[in-house]
Amino acid sequence: MSYLGSHLPVRECAQFTIVQPYTLKTSMNTAAAIPQTSSGEAAQSSVQRPKTAPPLARGAESCPAVKLLPAYDYAVSIIVVSYNTQSLLRDCIQSILAECERLPAGRTAEILVVDNASDDGSPEMVEREFAGSLSPVKLIRSQINLGFAAANNLAMEAARGRYLVLLNSDALFKSGTLRLAMQHMDANTTVGVGGARLVGPNGEWQPSARAFPTLWHAFVVLSGLASRYPKSRIFGAFDRTWASADFQADVDWVPGAFSIMRREALVKTGLFDPKFFLYSEEVDLCRRMKAKGFRVLYWPDVVVTHIGGESSRQLTTLKFSDSESQVVLWRMRSTLLYFRKHHGIRVWGIRWLEDAMHVLRWLRNFMSKEPGRRVRAEEAKLFLSLMRQAWKETKGGRVSPPRPW
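A few words now on the pairing of strand β12 (residues 258–262). Burial runs high along β12: five of the five residues are buried. Burial of β12 is two-sided: the residues Phe258, Ile260 and Arg262 facing one way and the residues Ser259 and Met261 facing the other way are all buried.

So this is what it looks like as structure tokens:
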């Protein structure tokens, strides 16, 4: 999500051009920070990588391989991207710091918070409340909203940990989660990405490990067959609702609310593809990880509370606001970009399938006198309009619209 400012530094990797308008603010002196002369304020610096460790590749297969750091400063780097989530972010960081204190002796951690141009006081809260933390809390302030993929890329390039943990600002660690995740990565050196059991605030299950999207998966979800027959291996395949959440499993991909990544795997695979502003970026990365021979594992004993996990899944049952319509548009854009990238001409199939399902939904409800069914008919029309818009703006999944979306 970025406005392309004319005076912002630009870095390029293959066909991807990334704008980097950020400064790193930290309460500690680090090798990655060069203080500026700014009186009365914490040190500000642009992150610079050591000469022995050029930036990681940004999601393009043609990007060159990069070198590992000769030594790691931390055992793990925990990365949180935030956009106007001050209260949730505070709880999230407190949860992380508590987990850092539970790590075995000698296993150190750093926390990197990327603020995507929040206007709710989030970055000021981080500077004010976490300046003296035992584990360093480093703030990367972006002048613009970069989106999820590009913002995480900034932090991953600046991170100095062997393992990289991505955590949503609306997610909280359960006790022992971070230690267990690192132990699992130590024991499974072929794993590139590991995922957690995601639960809601009251402990309710959330989809935690999924299959790669296909036309069939889209059909069973849009038609309602997936929710009607969740225990079926055929209809419940996408969210793996047929499988017990109590057993470890090799899976296609894990949600971005929590993931732990191996630095060596990222060096070979590249970082997030910044074409994805929101949605599908973790699917794309896991797919590239598996193509390079790394495994993606789901661990049931690594438990993370995800507060906002159910909101987007309820959108089809609500009368849409402008913001909800925007989220659906983002999802459609990302779906088209993903299908074009990985399935080529079959992107037309996802377009026709979504259109057909929404037309049928409209036909089923538009003549009804029941208020609820009339609302569903209007929503179906809205979905058709949004898909047309997404198709036009992405040129059938070929290009990512200018950021911010």
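Next up on the list: the nonpolar core. Across soluble globular proteins, you tend to see nonpolar side chains buried next to one another. Core analysis: the biggest nonpolar cluster contains 60 residues, and Met156, Met261, Leu266 and Phe272 have the highest contact counts within it. The residues contacting Leu266, other than those within four sequence positions of it, are Met156, Leu164, Met261, Leu271, Leu285 and Met289. In this structure, Ile93, Val137, Ala181 and Ala196 belong to the second largest nonpolar core, which totals 38 residues.

In this section: the packing of aromatic side chains. For any pair of aromatic rings, geometry is given as the distance between the ring centres together with the angle between the planes. According to the stated counting rule, one finds 12 aromatic pairs in the structure shown. Between Tyr229 and Phe235, the aromatic rings sit 5.6 Å apart at their centres with planes inclined by 35 degrees, giving tilted as the arrangement. Residue classification places Phe235 among the partly exposed residues on the basis of a relative accessible area of 22%. Feature note: the residues Trp216, Phe219, Tyr229 and Phe235 constitute an aromatic cluster, connected by ring pairs. Across from the ring centre of Phe212, 4.9 Å away, lies the NZ or CZ of Arg287, which sits over that ring.

What follows is about the side chain of Arg262. With respect to the helices, strands and loops of the structure, Arg262 is situated in strand β12. Buried within the structure, Arg262 lacks any salt-bridge partner; Glu264 is the closest side chain of opposite charge, at an N-O distance of 5.0 Å. At 2.7 Å, the side chain of Arg262 and the backbone oxygen of Met185 are in polar contact. Non-local contacts of Arg262, meaning those with residues more than four positions away in its chain, are made with Arg162, Tyr163, Met185, Asn188, Thr189, Val191 and Gly192.

Once that is clear, we can look at a nonpolar patch on the surface. A surface patch of nonpolar side chains, amounting to about 390 Å² of accessible area, comprises Ile345, Trp348 and Trp352. Tracing the backbone shows Trp348 in helix α10 (residues 347–365). Since its relative accessible area comes to 34%, Trp348 is described here as partly exposed.

This structure, assessed with the given rule, holds 18 salt bridges. Here Arg331 ties to Glu354 by a salt bridge, and the two come within 2.6 Å at their closest N and O atoms. One end of the pair, Arg331, is in helix α9 (residues 322–343); the other, Glu354, is in helix α10, and 23 residues separate them in sequence. Judged by its relative accessible area of 25%, Arg331 is partly exposed. The exposure class assigned to Glu354 is buried, which follows from its relative accessible area of 3%. Residues joined in a network through salt bridges with shared partners are Asp273, Asp284, Arg288 and Lys341.

Reading the values: rules and limits
Residues numbered from 1 in each chain as written. Predicted model: local features only at pLDDT ≥ 70, side-chain atom pairs only at ≥ 80, totals over all residues. Heavy atoms only, no water. Buried < 20%, exposed > 50% of the residue type's maximum accessible area, 1.4 Å probe, protein only. Helix = DSSP H or I, 4+ residues; strand = E, 2+ residues; numbered from the N terminus. Core = buried A, V, L, I, M, F, W, Y, C linked by side-chain atoms within 4.5 Å. Contact = heavy atoms within 4.5 Å. Phe/Tyr/Trp six-rings, centres within 6.5 Å; stacked < 30°, edge-to-face > 60°. Lys NZ or Arg CZ within 6 Å of the ring centre and 35° of its normal. Lys, Arg positive; Asp, Glu negative; His and termini not counted. Salt bridge = Lys/Arg side-chain N within 4 Å of Asp/Glu carboxyl O. Polar contact = N/O pair within 3.5 Å; in protein donor to acceptor, adjacent residues only side chain to side chain. Patch = residues over 30% accessible without salt bridge, like charges linked within 9 Å, V, L, I, M, F, W, Y side chains within 5 Å. Areas by Shrake-Rupley, 256 points an atom, 1.4 Å probe, with all protein chains shown as cover.

Taken by themselves, the reported measurements are silent on function.
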